[in-house]
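Working through the structure, step by step
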Amino acid sequence: TLAVKSIKDTQCGFKLFTRKSAQILFSNLNLRRWCFDVELLYMAESLNMPLKEVAVNWQEIPGSKLRVLEAALLMGRDLVIIRACHTFGLWRI
């Protein structure tokens, strides 16, 4: 995977953090767009914070404005940015 190894679906579900974890993660967050939650999970995993994937029941609401191809391209770009910037020390936790 490009970013988070321990979570299968980073875009589904809710992300819950302890106060201490949230302070560390959100104060070091670099992305403010599509992949911000992937970067949070990437940093949490890098810091050995416990992560757990829990299923949630989701009901799709008609009328989504999401453009799938554009979203996929932006997501791919951001995944590469997260990995490269953290790997090469451009972004530090």
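Presented here is a report on the structure given in the accompanying data block. (Residues numbered from 1 in each chain as written. Predicted model: local features only at pLDDT ≥ 70, side-chain atom pairs only at ≥ 80, totals over all residues. Heavy atoms only, no water.)

What follows is about the pattern of salt bridges. Where side chains of opposite charge bring their charged atoms close, a pairing between them can arise. Applying the stated criterion across every chain yields a total of four salt bridges. D78 is the partner of R33 in a salt bridge, and the nearest nitrogen-oxygen pair spans 2.9 Å. Of the two residues, R33 sits in the loop between α1 (19-27) and α2 (36-46) while D78 sits in helix α3 (residues 68-87), which places them 45 residues apart along the sequence. A residue is classified by how much of its surface remains accessible, and D78, at 0% relative accessible area, is buried. Among the ionic contacts, a cluster of salt bridges with common partners joins R33, R77 and D78. (Salt bridge = Lys/Arg side-chain N within 4 Å of Asp/Glu carboxyl O. Helix = DSSP H or I, 4+ residues; strand = E, 2+ residues; numbered from the N terminus. Buried < 20%, exposed > 50% of the residue type's maximum accessible area, 1.4 Å probe, protein only.)

This next bit is on the packing of aromatic side chains. Within this structure, the stated rule accounts for one aromatic pair. An angle of 90° between the planes, with centres 5.7 Å apart, marks the rings of F17 and F26 as edge-to-face. A relative accessible area of 39% places F26 in the partly exposed class. (Phe/Tyr/Trp six-rings, centres within 6.5 Å; stacked < 30°, edge-to-face > 60°.)

Within the largest apolar cluster, 13 residues are counted, with the highest numbers of intra-cluster contacts made by A3, V4, C35, V38, L79 and I82. If you list the elements that add at least two residues to this core, you get α2 and α3. When residues in this core are grouped by element, the largest group, four residues, is from α3. When sequence neighbours within four positions are dropped, the list of residues in contact with V38 reads A3, V4, T10, Q11, M75, L79 and I82. In terms of nonpolar packing, the next biggest core, distinct from the first, is built from six residues, L29, L40, M43 and M49 among them. (Core = buried A, V, L, I, M, F, W, Y, C linked by side-chain atoms within 4.5 Å. Contact = heavy atoms within 4.5 Å.)

Here the largest pocket defines a volume of roughly 520 Å³. Lining the largest pocket are 22 residues; nearest its centre among them are F14, K15, L16, K52 and E53. Of all the elements in the fold, those that place two or more residues in the lining of the largest pocket are α1 and α2. Here the residues of the lining of the largest pocket are counted per class, giving 14 nonpolar, four polar and four charged. Empty space within the second largest pocket amounts to approximately 340 Å³. Around the second largest pocket sit D9, Q11, C12, G13, W34, W58, L66, A71, A72 and M75, which together line it. (1 Å grid on protein atoms, 1.4 Å probe; cavity = no way out; pocket = protein on both sides within 12 Å on 5 of 7 lines; lining within 4 Å. Points joined across faces, edges and corners; volume = space filled by probe spheres on them. Nonpolar A, V, L, I, M, F, W, Y, C, P; charged D, E, K, R; others polar.)

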